[in-house]
Amino acid sequence: MQKLGDFKLPHFFNYPPYFTLQPVRETREKQIQLWKELILDYCRTQKIFIVRLEEEFPLFSNSVIERTLSHEAREAFLSALVAEGRAEWLDKGRRNCLILWHRIQEWADIIVNFVKDNGFEDSVMTVEEIRSGIESRGTELHGIDRTILMRALKLLEQKGKLAIFKGTSTDDEGVKFSV
Amino acid sequence: MSNFFSKAEVTSSGRPVLLRNEVECHLLSAVDLEPEDHRHFSLLKSGLLILTTHRLIWLPSLSASTPTSASAIPLAAISHIFSSKKSLKSVFHSPRIRFQVLVSSDGRVFDPGSESGSSSGSGSRSVVVTAVIRGKGDCDGFLVKFWDSWRARAWEATETSDSGSASASGSGAATGTGGGLYSSDGSVRMVGVAGILRKEQEMWESTDKSLQDAFQDLNALMSKAKEMVMLAEKMRQKLLSGTSSQTSGTNDEDMGSKEEMQDWLLSVGIISPVTKESAGALYHQQLSRQLADFVRIPLERAGGMINLIDAYCLFNRARGTELISPDDMLQACSLWEKFDVPVMLRKFDSGVMVIQNKSHSDEEVFARIKSLVTKPEALLTGISPTDAAMTLGIAPAMAKEHLLTAEIKGLLCRDISPDGFRFYINLFPEIDPCNMYFVKNYGICSTWIKAVSTTG
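Since the structure is predicted, the reported quantities are computational estimates derived from the model, not experimental observations. (Residues numbered from 1 in each chain as written. Chains lettered and ligands numbered in written order. Predicted model: local features only at pLDDT ≥ 70, side-chain atom pairs only at ≥ 80, totals over all residues. Heavy atoms only, no water.)

A.B. asks: Account for the overall build of chain B, with residues named and values stated.
C.D. replies: When its secondary structure is counted, chain B shows 15 helices and 13 strands. Out of the 456 residues belonging to chain B, those deemed buried represent 36%. Across chain B, contacts joining residues at least 24 apart in sequence account for 58% of those joining residues at least 6 apart. Only carbon and sulfur atoms are counted for the fraction: they give 57% of the accessible area of chain B, which is about 26700 Å². (Helix = DSSP H or I, 4+ residues; strand = E, 2+ residues; numbered from the N terminus. Buried < 20%, exposed > 50% of the residue type's maximum accessible area, 1.4 Å probe, protein only. Contact = heavy atoms within 4.5 Å. Areas by Shrake-Rupley, 256 points an atom, 1.4 Å probe, with all protein chains shown as cover.)

Pasting the structure below:
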């Protein structure tokens, strides 16, 4: 089985037509589905939050069969993810895509669980601590993309589960939980 | 005896020195020049007579026993050239050319270039000179050229063209126009080229004029054509209105004349409007049948399918004359639906139109493609339209159409890469997105994986 780093690749990754955007509707729909799953899987395991179309993305090329996804194909697959709510375009030019292999709501739930597991129900933490603190190590929260984290926190704030307050600098942004 | 004729200058090798712009036109050998009054003047015997644009030059033959110098008669001094009389006598005698020369007061040939000529005025007297041609030269041709040169009056021409040609590069004059190579100061001159340029200019001007005239005619034609078109339209309308009325009223005669009218219109190039509703004009019907017969053999050779354009070319080439237009071809093919012919016109999604046998079955072609594309090598590298063409025995362009159709049906997938445009068997239906890593141990997917893994 072929690997990309420590990621196991499915067998059809070596199927050349997989790398050509198919024109026939039915075939294309299947192809898009497969790519969506693969992208999400890969990003989840490799903790990749942003995919930049114009940069090299290991998943988009296969050196064994010497094929690379065209820009059009990349945009097509990512747009499909966006349409499904599993990704967002970060710019109007569609060059950078935020991958939500957990939806924002899911991230919010993970945060709540994290808080409960560690007994932080009434405490205060900085945002950075949530991302990279000792407690977060080993959890999915560790190394989370800051944008996503803020979105999840804001969602929780709207639900009244916490309050975000600004410190003297961005690094000091903090959260008071009231889970 | 003094010389009747003017003296002609000669170079050291015996060639005449030509005047500025003077060009040699013709020559005759073994010519005697006899002035009428040869009691007082010597006659010139058996020399080379050279006609130029300006003079008649007589050169003594090299073997002349009496040293006679070269002589010349300026064409300007000639007042008349007699036309040759063909009489019984002339059959036996050597041909003669007779002409009349003006003489000045001293009885010699009037030389307009010399001082004596201009001061003494043109002579009132004239003398007839006879040139007896004892050699084998073309006498009649010489006479014609003689007339031409004399009438052309080149000695009166202006010098402007000469100054233009003199500035051109030096080597062009020595070509076979028969022109003199050396000018009076010994340098090579350009008269020939200048003459050619002048002729070009004149030709261009006359072409321009005739074009203008032609366009005048065209304008007249266009206004008439407008009337013709209106007339044709009226007839067309009449035909149309004729068919819309119920057929019960028409009798055979009417139908016959209507058909005739349609044929006439067709021959002028106006398509009969009735064709679409009825079985079509007789012309197209015949054409349609003829085409169906003709196309049988090329179809077999091409493996059952032939591009419409190729068929068109073949058909017209076979016809030789009375070629048909692409429109006629299309009409003829469309009529096949109405007849019972074994061929049909088919249009692919890509727009390509082909003629194929009615017996042609797409399913059969797909079966053959499928077996081709599931071979081990094809599983690995796919197939190109050329590969398919070889297997199916048809042209690559046709093969590509089949492959594209198979792709639309979901049988194949395309792979576009720097290696080109290739097709693979479609594996996508076999893959379950919810269970991407799972492969059934039967079916095309497993076959594919086995083929891929054996090559490592």
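A.B. asks: Would you mind going over the pairing of strand β10 (residues 174-177) of chain A in detail, with residue names and values included?
C.D. replies: All names here are of chain A. In terms of strand pairing, strand β8 (residues 124-126) meets β10 through three bridges, oriented antiparallel. Along β10, the bridge assignment pairs V124 with K176. Bridging between strand β9 (residues 162-165) and β10 involves four bridges; their strand directions are antiparallel. Looking across to β10, one finds that I164 is bridged to V175. (Pairing = 2+ DSSP bridges.)

A.B. asks: How would you explain the pattern of salt bridges if you had to name every residue and give the values?
C.D. replies: Residues and elements named next belong to chain A. For the structure on display, the rule yields 19 salt bridges over all chains. Among the ionic pairs, R25 bridges to E29, the shortest N-O distance being 3.5 Å. Of this pair, R25 and E29 both sit in helix α1 (residues 25-46), four residues apart, roughly one helical turn. On the accessibility criterion, R25 (64% relative accessible area) is exposed. Look at E29 and you get partly exposed, because its relative accessible area is 45%. (Salt bridge = Lys/Arg side-chain N within 4 Å of Asp/Glu carboxyl O.)

A.B. asks: Now, about helix α13 (residues 385-392) of chain B: what can you tell me, with residues and values included?
C.D. replies: Residues and elements named next belong to chain B. Among all positions in α13, only P385, A388, A389 and L392 are buried. All buried residues of α13 lie within an arc of 105° about the axis, which places them on one face of the element. Next to the buried residues of α13 lie α11 (362-373), α14 (396-408) and β13 (420-425). Just beyond α13, the residue with positive phi is G393, at close to 75°. (Arc of directions from axis to C-beta.)

A.B. asks: Lay out the side chain of B:D362 in plain terms, naming residues and giving numbers.
C.D. replies: All names here are of chain B. With respect to the helices and strands, the residue D362 is situated in helix α11. Taking the relative accessible area as the measure of exposure, D362 reaches 19% and is therefore buried. Setting aside anything within four residues of it in sequence, one finds D362 in contact with R346 and H402.

A.B. asks: Got a sec to walk through the sheet that holds strand β7 (residues 96-99) of chain A? Specific residues and values, please.
C.D. replies: Residues and elements named next belong to chain A. The strand order β3-β7-β6 describes an open sheet built from three strands, whose pairing is antiparallel. If you trace the sheet from one side to the other, it starts and ends with β3 (50-52) and β6 (87-89), each paired once. With direction set aside, neighbouring strand axes in the sheet form an average angle of 25°. Pairing analysis gives three bridges linking β6 to β7, with the strands arranged antiparallel. Its bridge partner being in β7, W89 is matched across the sheet by C97. (Axes fitted to C-alpha atoms, helices over the stretch in contact; angles between N-to-C directions.)

A.B. asks: Provide a residue-level description of the interface of chain A and chain B, including the pertinent values.
C.D. replies: Where the parts come together, the accessible area they lose is often given as the size of the interface. If you look at the interface, chain A gives 24 residues, while chain B gives 23 residues. Buried surface at the junction of chain A and chain B, summed over both partners, amounts to about 2200 Å²; 69% is from carbon and sulfur atoms. In this assembly, chain A and chain B are joined by one salt bridge. Put simply, A:R67 and B:D415 hold a salt bridge, and the shortest N to O gap is 2.7 Å. (Buried area = accessible area lost by both parts, 1.4 Å probe.)

A.B. asks: An account of the sheet that holds strand β3 (residues 44-52) of chain B is needed here, citing residue identities and associated values.
C.D. replies: Taking strand neighbours across the sheet as the criterion, the eight strands line up as β1-β5-β4-β3-β2-β8-β7-β6 (chain B) in an open arrangement whose pairing is antiparallel. Because the sheet does not close on itself, it has two edges, and the strands there are β1 (6-7) and β6 (78-81) of chain B.

A.B. asks: How would you explain the confidence of the model for chain B if you had to name every residue and give the values?
C.D. replies: Close reading of the predicted structure is inappropriate where its pLDDT is low. Residues and elements named next belong to chain B. With 76% of its residues at a pLDDT of 70 or more, chain B shows a mean pLDDT of 76. Between the elements of chain B, mean pLDDT differs from a low of 42, seen in helix α4 (residues 160-166), to a high of 91, seen in strand β12 (residues 412-417). Per-residue pLDDT stays below 50 along residues 115-121; that stretch engages in five contacts with residues further than four places along the chain or on separate chains. Per-residue pLDDT stays below 50 along residues 272-280; that stretch engages in twelve contacts with residues further than four places along the chain or on separate chains. This complex was scored by the predictor with a pTM of 0.53 and an ipTM of 0.83. (pLDDT = per-residue confidence, 0-100.)

A.B. asks: How would you sum up the confidence of the model for chain A? Please name residues and give values.
C.D. replies: Confidence in the prediction of chain A, expressed as mean pLDDT, is 88, and 98% of residues score 70 or more. The spread of mean pLDDT over the elements of chain A runs between strand β1 (residues 3-4) of chain A, the lowest at 76, and helix α2 (residues 71-84) of chain A, the highest at 93.

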